[in-house]
There are 2 protein chains.
Amino acid sequence: MTCQPQSLLSARSRLSLTQQHICPNRLISSSSSLKIESRDQGTKFTGDYKKYAVRDNQVMSYFHDVPLDLDLESKTANMIVEIPRWTNAKFEIDTKAVGNPIVQDTKKGQVRFVKNLFPHHGYIHNYGAFPQTWEDPNTAHEELGDIFGDNDPLDVCEIGSNIIQTGEVKKVKILGSIALIDDGELDWKVIVVDVHDPLSNEVLDIHDVFVKCPGLLETTRQWFRDYKKPDGKPANKFAFNGAYKNQEETLAIIQECNRVWGKLISGEVKGDGLPVIENSTISQLPGFLDSGFNTAKLLNNPVQPDAPIPSEIHKPYFCTTD
Amino acid sequence: MTCQPQSLLSARSRLSLTQQHICPNRLISSSSSLKIESRDQGTKFTGDYKKYAVRDNQVMSYFHDVPLDLDLESKTANMIVEIPRWTNAKFEIDTKAVGNPIVQDTKKGQVRFVKNLFPHHGYIHNYGAFPQTWEDPNTAHEELGDIFGDNDPLDVCEIGSNIIQTGEVKKVKILGSIALIDDGELDWKVIVVDVHDPLSNEVLDIHDVFVKCPGLLETTRQWFRDYKKPDGKPANKFAFNGAYKNQEETLAIIQECNRVWGKLISGEVKGDGLPVIENSTISQLPGFLDSGFNTAKLLNNPVQPDAPIPSEIHKPYFCTTD
């Protein structure tokens with residue numbers, strides 16, 4: 001069977017997808033059989049750097065081709081790690097570049113690093129995104145009113161013991177989420193744990209994280225509230241009074257963002273500044289590339305030694321807490 | 001003039017030393033002219049690793065030969081950095097080994113790493129010691145009664161912006177201190193900032209740290225209170241109700257620890273388990289080596305690639321806070 005975005009399918013097909021969910025290619029739908037490597041191009045910590053997902057020596061899109069593989073029974077999905085815990089470089093899937101590599105975000109021509117918000121060192125989680133999800137910038141949130149999505153894949157915070165490297169694809173257990181309003185845009189942060197982490201057996205829902213990891217969820221909220229203050233921006237706000245959504249509610253959010261991604265990839269969403277939809281796995285849709293990505297062209301920039309991280313990135317920033 | 005520990009000097013000499021303080025060798029008494037390198041031996045992150053202080057290709061003792069250079073006018077002294085901020089390996093000056101290299105502390109044959117006490121990543125300061133100071137394990141503290149020193153050089157927390165590497169000698173401004181009681185021993189932590197850090201111009205005393213770096217001193221107290229809890233130990237306590245001593249009081253503490261070190265190095269202190277007193281700069285004292293350390297013998301273990309840091313060292317530990 002050829003899998004397609006949910007919105008294009010019949011009711012019967014949607015029903016059958018409830019458990020197996022949207023999967024662009026059964027060959028890679030099981031995480032255990034996912035053989036995705038990542039391939040660096042250019043010089044890390046510069047605007048020239050790109051990290052592509054590669055399978056069988058062919059570039060695939062981190063955004064569209066890596067399967068979400070949401071499993072409502074085991075409450076798991078695939079996560080792409082963009083930023084390893086305790087690091088500062090703001091790596092993210094480039095939704096506008098063909099092939100959707102991971103790049104370091106830039107601002108005014110400079111690569112971005114998140115500031116160290118004392119007492120924290122860079123990001124406090126392994127931070128990344130769910131593939132095949134999208135926060136729609138064109139449709140107001142039905143409960144929140146005048147709040148729109150941030151035009152990016154759904155953000156994910158992995159709370160396990162290990163440091164996970166940029167570009168790794170991990171099967172994670174979904175635990176809960178918090179609705180950040182970042183620069184006025186809705187920007188869910190989903191809390192997950194690597195299914196192979198020992199903690200995964202101890203946390204069945206968001207409440208268990210409060211119990212087993214005291215301080216983690218409160219600190220997470222505080223970090224996302226304050227992390228742009230050192231750049232002179234105001235504190236971020238949260239929808240739903242900053243309360244964490246539980247597992248069931250979060251699964252529904254992921255399903256919705258997956259559905260909305262399905263509309264994007266199928267070409268239903270129109271407008272400026274939207275992500276590219278080229279992909280190599282979802283046939284019969286407008287962005288599908290019969291011959292896949294032009295791997296030889298995309299992987300033509302040899303990897304170079306990392307650029308030095310500017311010493312000011314190590315500075316801790318202090319702001320009054322409340 | 002040949003400088004000697006204060007206790008060996010006449011009242012007149014002591015007076016003249018009030019400002020220039022104890023200095024084993026005028027040639028290296030000014031930090032600007034200190035040309036101390038550090039030289040690695042063996043495999044980092046194993047018990048085999050040693051980092052020696054070296055000047056003019058001769059080993060010198062981090063403990064006894066690097067000058068404290070306490071300046072009561074500028075409120076500065078030399079600090080030896082043992083543990084860079086945001087790292088876990090417990091490097092420290094080995095007071096019992098000839099030449100006093102920096103080694104990684106071991107326990108039951110295993111090299112020690114400090115646990116990540118959530119939300120912290122390793123040590124939250126550049127951590128180290130003042131050379132030519134010693135916390136006397138044989139004499140009870142005159143105010144605290146039945147509390148004795150920890151038999152180590154005085155500990156120092158550098159709060160500046162940069163990450164300072166193991167073995168570096170830095171001129172620091174002294175700001176204040178807190179009296180940790182660690183495993184029942186008195187273990188002062190002196191708060192300082194690198195004189196070349198921009199923060200140094202903004203903080204003249206401990207109160208300025210409360211103002212300019214909100215949360216830092218409270219977090220420092222909490223970190224030292226809790227950092228052994230993940231190893232199953234109880235919370236540490238503080239003398240003086242956990243209050244920070246100011247700059248003036250701290251300068252007196254450093255002077256006292258320098259005076260007591262003078263007693264040690266002069267052979268006045270007897271007992272088991274004391275530090276070695278061999279040195280290459282303080283002539284006319286029992287530990288002075290006329291020909292210096294046997295550098296060829298001490299530097300005979302070629303440096304090897306670092307051993308991997310065990311992945312469990314990256315784990316965050318949670319403990320309830322109060």
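Residues numbered from 1 in each chain as written. Chains lettered and ligands numbered in written order. Predicted model: local features only at pLDDT ≥ 70, side-chain atom pairs only at ≥ 80, totals over all residues. Heavy atoms only, no water.

## A few points about the overall build of chain A
Stated precisely, the cut-off is as follows: The helix count covers DSSP runs of H or I at least four residues long, the strand count covers runs of E at least two residues long, and both are numbered beginning at the N terminus. Contacts are residue-level and defined by heavy atoms, with any inter-residue pair within 4.5 Å sufficient. Computed by Shrake-Rupley with a 1.4 Å probe, the accessible areas treat only the displayed protein chains as cover when residues are assessed.
Summing up its helical and strand segments, chain A has five helices and 16 strands in all. Counted over contacts in chain A with a minimum sequence separation of 6, partners at least 24 positions apart contribute 70%. For chain A, the exposed surface amounts to about 13500 Å²; the carbon and sulfur share of it is 47%.

## Describing the pairing of strand β13 (residues 169-182) of chain B
Residue and element names in this part refer to chain B. Note the cut-off: Burial classes follow relative accessibility: with a 1.4 Å probe on protein chains only, a residue under 20% of its type's maximum area counts as buried, one over 50% as exposed, and anything between as partly exposed. Note on pairing: DSSP must find at least two bridges between two strands before they are called paired.
Most of β13 is tucked away: 12 of the 14 residues are buried. Bridging between strand β4 (residues 76-83) and β13 involves five bridges; their strand directions are antiparallel. Bridging from a neighbouring strand, Ile80 pairs with Val169 of β13. In this sheet, strand β14 (residues 185-194) lies alongside β13 in antiparallel orientation, the contact comprising 10 bridges. Paired with Ala179 across the bridge in β14 is Trp188. Taking the residues that link successive antiparallel strands as the turn, the β13-β14 hairpin has two residues, and the phi of Asp183 there is positive, at about 50 degrees.

## Comments concerning the interface of chain B and chain A
As a reminder of what qualifies: The term buried area refers to how much accessible surface (probe radius 1.4 Å) is lost by two components on association, counted for both of them together. Whenever a carboxyl oxygen of Asp or Glu lies within 4 Å of a side-chain nitrogen of Lys or Arg, that contact is scored as a salt bridge. Side-chain atoms alone can form a polar contact between residues adjacent in sequence; in general such a contact is a pair of N or O atoms within 3.5 Å, and within protein one must be able to donate a hydrogen while the other accepts it. Each residue is assigned to one of three groups, with Ala, Val, Leu, Ile, Met, Phe, Trp, Tyr, Cys and Pro labelled nonpolar, Asp, Glu, Lys and Arg labelled charged, and all others, Gly among them, labelled polar.
Tallying the contact residues gives 24 residues for chain B and 24 residues for chain A. In this assembly, chain B packs against chain A so that about 2000 Å² is buried in total across both faces, 70% of it on carbon and sulfur atoms. Of all residues in chain B, B:Trp86, B:Phe118 and B:Phe318 bury the most surface against chain A, accounting for 28% of the area lost on that side. On inspection of chain B and its partner chain A, the count reaches zero salt bridges. Put simply, chain B and chain A have three residue pairs in polar contact (both at pLDDT 80 or more) between them. Here the side of chain B that touches chain A is built from residues that sort into 10 nonpolar, 11 polar and three charged.

## Observations concerning unusual backbone geometry
Where the residue is not glycine, phi is negative for most of them; where a peptide bond is considered, it is trans in most cases. Residues and elements named next belong to chain A. Between Phe118 and the following residue, Pro119, the backbone shows a cis peptide bond with an omega angle of 5 degrees. One can find Pro119 in the loop between β9 (116-117) and β10 (126-129). One non-glycine residue, Trp86, lies in positive phi territory at about 65 degrees. Turning to its location among the elements, Trp86 is positioned in the loop between β4 (76-83) and β5 (91-93). A relative accessible area of 7% places Trp86 in the buried class.

## Let's talk about the packing of aromatic side chains
All names here are of chain A. Worth spelling out the cut-off: By convention, a stacked pair of Phe, Tyr or Trp rings (six-membered ring in the case of Trp) has centres within 6.5 Å and planes under 30 degrees apart, an edge-to-face pair has planes over 60 apart, and any other such pair is tilted. In this analysis the charged atom, NZ for Lys or CZ for Arg, is taken to sit over a ring once it is within 6 Å of the ring centre and within 35 degrees of the ring normal.
All chains considered together, the criterion is met by 24 aromatic pairs over all chains. Pairing Phe45 with Phe91 gives two aromatic rings, centres 6.1 Å apart and planes at 40 degrees, and the pair type is tilted. Taken together, the residues span a long stretch of sequence, with Phe45 in the loop between β1 (37-41) and β2 (50-55) and Phe91 in strand β5 at a distance of 46 residues. Pairwise contacts between aromatic rings join Tyr123, Tyr127, Trp223, Phe224 and Tyr227 into one cluster. The ring of Trp86 has Arg85 sitting right over it, with the charged end atom 4.3 Å from the ring centre.

## Some thoughts on the relation of the copies chain B and chain A
Filter applied, for reference: Superposition of the copies used a least-squares fit over C-alpha atoms from residues whose pLDDT is at least 70 in both.
Here chain B sits on chain A after a turn of 180 degrees about the axis and a move of 0.0 Å along it, with an RMSD of 0.0 Å. Here the copies are linked by what is in effect a two-fold axis. Same-surface contact between copies: 100% of interface residues of chain B are shared with the interface of chain A.

## Brief notes about the pattern of salt bridges
Residues and elements named next belong to chain B. Under the counting rule described, the total for this entry stands at 32 salt bridges over all chains. Here Asp182 makes a salt bridge to Lys228, at a shortest N to O gap of 2.9 Å. Remark: Lys228 occurs in the loop between α3 (216-226) and β15 (237-238) and Asp182 occurs in strand β13; sequence separation between them is 46 residues. Accessibility expressed as a relative area gives 10% for Lys228, which makes it buried. Of the charged contacts, one joins Lys233 and Asp183 as a salt bridge, the two residues approaching to 3.3 Å between their closest N and O atoms.

## Observations regarding the side chain of A:Thr250
The residue A:Thr250 is located in helix α4 (residues 247-265) in this model. Residue classification places A:Thr250 among the buried residues on the basis of a relative accessible area of 0%.

## Description of the side chain of B:Lys90
Within the element layout of this structure, B:Lys90 appears in the loop between β4 and β5 (91-93). In this structure B:Lys90 touches B:Ile83, B:Val103, B:Gln104, B:Asp105, B:Arg112, B:Phe113 and B:Tyr123, once residues within four positions along its chain are discounted.

## Describing the environment of B:Lys108
Residue position: B:Lys108 is located in the loop between β7 (106-107) and β8 (110-111). On a C-alpha basis, the gap between B:Lys108 and B:Leu154 in space is 25 Å, while along the polypeptide they are 46 residues apart.

## Side note on the confidence of the model for chain A
Residues and elements named next belong to chain A. As a reminder, the rule being used: The predictor attaches a confidence to each residue, called pLDDT, with possible values from 0 through 100.
For chain A, per-residue confidence averages 89 on the pLDDT scale, and 89% of positions sit at 70 or higher. Within the model, pLDDT remains below 50 along residues 1-32, and this stretch shows 64 contacts once partners closer than five positions in the same chain are excluded. Overall fold confidence (pTM) sits at 0.86, and the ipTM for the predicted complex is 0.82.

## Quick notes on the pairing of β4(B)
Residues and elements named next belong to chain B. Burial runs high along β4: eight of the eight residues are buried. Sheet analysis places β4 next to strand β10 (residues 126-129), joined by three bridges and oriented antiparallel. Its bridge partner being in β10, Ile83 is matched across the sheet by Tyr127.

## Considering α3(B)
One full turn of an α-helix is made of 3.6 residues, so residues set three or four places apart face in the same direction. In terms of burial, α3(B) is a largely internal element, eight of the 11 residues being buried. Residues B:Leu216, B:Leu217, B:Thr219, B:Thr220, B:Trp223, B:Phe224, B:Arg225 and B:Asp226 constitute the buried set of α3(B).

## Structural notes on the environment of B:Ile174
All names here are of chain B. For Ile174, the position within the fold is in strand β13. Note on Ile174: relative accessible area 0%, which makes it buried. Through-space distance from the C-alpha of Ile174 to that of Leu70 is 9.5 Å; in sequence the pair is 104 residues apart. Not counting the four nearest positions on each side in its chain, Ile174 is found in contact with Leu70, Lys75, Thr76, Ala77, Phe130, Val190, Ile191, Val192, Gln247, Thr250, Leu251 and Ile254.

## Examining the state of the cysteines
Residues and elements named next belong to chain A. Inclusion rule: Disulfides are defined in this document as cysteine sulfur pairs within 2.5 Å.
In total, this model carries zero disulfides over all chains according to the counting rule given. Free of any disulfide, Cys157 has its nearest neighbouring cysteine sulfur in Cys213, separated by 13 Å. Residue Cys257 stays outside any disulfide, its sulfur separated by 14 Å from that of Cys157, the closest cysteine.

## Re the environment of B:Phe130
All names here are of chain B. Structurally, Phe130 can be placed in the loop between β10 and β11 (148-149). For Phe130, a relative accessible area of 0% corresponds to the buried category. In this structure the C-alpha to C-alpha distance between Phe130 and Ile254, which are 124 residues apart in sequence, comes to 8.5 Å. With residues up to four places along the chain from it excluded, the contact list for Phe130 reads Leu68, Ala77, Asn78, Met79, Pro153, Leu154, Val156, Val172, Ile174, Val190, Val192 and Ile254.

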